Amino acid sequence: MTIPLRPFGRTGVKVSALALGTMMFGPRGNPDHEDSVRIIHRALDAGINLIDTADVYSQGESETIVGKALAGRRDDVFLATKFHGRMGEDVNRFGNSRRWILKAVEESLTRLRTDHIDLYQVHRPEDDTDVDETLGALSDLVHQGKIRYIGTSTFEPSGIVEAQWTAERRGRERPVAEQPPYSILARGIEREVLPIAQKYGLAVIPWSPLAGGWLSGKFRAGGPQPETSRGALQQGRFEIGDPENTEKLQAVEALALLAEEAGISLVHLALAFVLEHPAVTAPIIGPRTFEHLEGQLGAASLRLAPDVLDEIDKIVPPGVTLSSRDAGYYPPSITESTRRRRG
């Protein structure tokens, strides 16, 4: 099995067409460090060279596991991690401020057992922090050699453009990648995010290409409510009786039949779909077990026939996200009532 390589935006770097996500390594998914390390090694041996993690995954434990796994193999990996999420009770141990970024990167470097991070990503936007504050701190880290490239994750289209323009006008290092949610069930980024990424030459490494497990095959009509690692943390996203989830389940049934007719697994159909978009660099797979990993690796070499892609468009139209919970980010202009009403 050979995993193809793809250009990482316009950086000149080549990465595997699948990225290994590590959110499921640690208490949140697989608490066995040695087993998790073996899974990472299997992914590397299979040809994956892009590994994505975040400080907030199991409060640093995922990064610790990745650091163990990369001992002696660090130079073979394009290593990505993220900052923003809360990492302690102190009021300032989170966010996109210079103060926190300069502290967070040192902690991540220690856990990852490395002297540099290839891609350091802003995990979510922060409305009350000036983007120039964030880019200024990240630019300094690039110049210090502690990070190689800057990326964003789950940014609104306007935020992606603002970061590009701020970098140009203020002489900052610019983000070279965006990490958005993207799957057959969540196609909203096709409207603006993916075209913007193409316009600015950004690499795109989508998260949740299996829609948090909805496209893994475990969710089927008439079946029991499956237990998932994510379900314990995001119950509304997986409750079968929810109206939005009912619509997702109907789509899953149609997609499962389509996959069967095409002679491939539902997992491969889902991953191959994301890989088909010309703006996508490498979807992030997030296995918890060896079986999960082995069941996903083969998708990298698949191409879906045009008639299969047309049928997918009929089941979930382009640009449509079936559940609002799958958007990944809700701006304060929506979530905070004080921003929608006069005092």
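Residues numbered from 1 in each chain as written. Predicted model: local features only at pLDDT ≥ 70, side-chain atom pairs only at ≥ 80, totals over all residues. Heavy atoms only, no water.

- Under an unreviewed UniProt entry, the protein chain has the name Aldo/keto reductase and belongs to Catenulispora yoronensis.

### Points about the nonpolar core
Link 1 in the chain: Grouped together as the largest cluster of nonpolar side chains are 83 residues, with contacts concentrated most on Tyr120, Leu185 and Leu215.
Link 2 in the chain: With nine residues, helix H9 (residues 266-276) is the largest single contributor of residues to this core.
Link 3 in the chain: Not counting the four nearest positions on each side in its chain, Leu215 is found in contact with Ser183, Ile184, Leu185, Pro209, Leu210, Val252, Leu255, Leu266, Val267 and Ala270.
Link 4 in the chain: Formed by 15 residues, the second largest nonpolar core is a distinct cluster that contains Leu50, Val176, Ala177 and Ile284. (Core = buried A, V, L, I, M, F, W, Y, C linked by side-chain atoms within 4.5 Å. Buried < 20%, exposed > 50% of the residue type's maximum accessible area, 1.4 Å probe, protein only. Helix = DSSP H or I, 4+ residues; strand = E, 2+ residues; numbered from the N terminus. Contact = heavy atoms within 4.5 Å.)

### Some points on the packing of helix H3 (residues 98-112) against helix H4 (residues 131-144)
Link 1 in the chain: Look at H3 against H4: their axes get within 9 Å of each other, and the N-to-C directions meet at 35°. Where H3 crosses over H4, the handedness of that crossing is right-handed. Residues Arg98, Ile101, Leu102 and Val105 of H3 touch H4, and the partners they reach there are Glu133, Thr134, Gly136, Ala137, Leu138, Asp140 and Leu141.
Link 2 in the chain: For the contact of H3 with H4, the residue count by class is six nonpolar, two polar and three charged. (Axes fitted to C-alpha atoms, helices over the stretch in contact; angles between N-to-C directions. Left-handed = near helix turned anticlockwise from the far one by under 90°. Nonpolar A, V, L, I, M, F, W, Y, C, P; charged D, E, K, R; others polar.)

### Brief notes about the pairing of strand E7 (residues 147-153)
Link 1 in the chain: By the criterion of burial, E7 is predominantly enclosed, with five of the seven residues buried.
Link 2 in the chain: Taken together, the five bridges between strand E6 (residues 117-122) and E7 define a ladder with parallel strand orientation. Bridging from a neighbouring strand, Tyr120 pairs with Ile150 of E7.
Link 3 in the chain: Following the backbone out of E6, through H4 and into the adjacent parallel E7, one traces a crossover that is right-handed.
Link 4 in the chain: Relative to strand E8 (residues 175-179), E7 is paired through four bridges, and the arrangement is parallel. Bridge pairing in E8 links Gly151 to Ala177.
Link 5 in the chain: The β-α-β motif built from E7, the intervening helix H5 (residues 157-170) and the parallel element E8 has right-handed crossover chirality. (Pairing = 2+ DSSP bridges. Right-handed = clockwise from strand over helix to strand, strands pointing away.)

### Brief notes about the packing of aromatic side chains
Link 1 in the chain: Taken as a whole and assessed by the stated rule, the structure comprises four aromatic pairs.
Link 2 in the chain: The interplanar angle of 35° and the centroid separation of 6.2 Å between the aromatic rings of Phe78 and Tyr149 together place this pair among those described as tilted. Of this pair, Phe78 sits in strand E5 (residues 78-83) while Tyr149 is found in strand E7, placing the two residues 71 residues apart along the sequence.
Link 3 in the chain: With a relative accessible area of 7%, Phe78 lands in the buried category.
Link 4 in the chain: With centroids separated by 5.8 Å and ring planes inclined at 50°, the aromatic side chains of Tyr182 and Phe273 adopt a geometry described as tilted. Taken as a pair, Tyr182 in the loop between E8 and helix H6 (193-200) and Phe273 in helix H9 lie far apart in primary sequence, 91 residues in all. Accessibility classification places Tyr182 together with Phe273 in one group, the buried group.
Link 5 in the chain: Put simply, the rings of Phe8, Phe78 and Tyr149 touch in pairs and so form one group of aromatic residues. (Phe/Tyr/Trp six-rings, centres within 6.5 Å; stacked < 30°, edge-to-face > 60°.)

### A short note on the sheet that holds E7
Link 1 in the chain: Overall, parallel pairing links the eight strands, which are arranged E9-E8-E7-E6-E5-E4-E3-E10 in an open sheet. Pairing within the sheet leaves two strands with one partner each, and these edge strands are strand E9 (203-204) and strand E10 (284-285).

### Quick notes on the side chain of Ser139
Link 1 in the chain: Position of Ser139 among the secondary structure elements: in helix H4.
Link 2 in the chain: Given a relative accessible area of 3%, Ser139 falls into the buried group.
Link 3 in the chain: A polar atom in the side chain of Ser139 sits 2.8 Å from the backbone nitrogen of Glu173.
Link 4 in the chain: When residues no more than four places from it in sequence are discounted, the contact partners of Ser139 are Ile150, Arg172 and Glu173. (Polar contact = N/O pair within 3.5 Å; in protein donor to acceptor, adjacent residues only side chain to side chain.)

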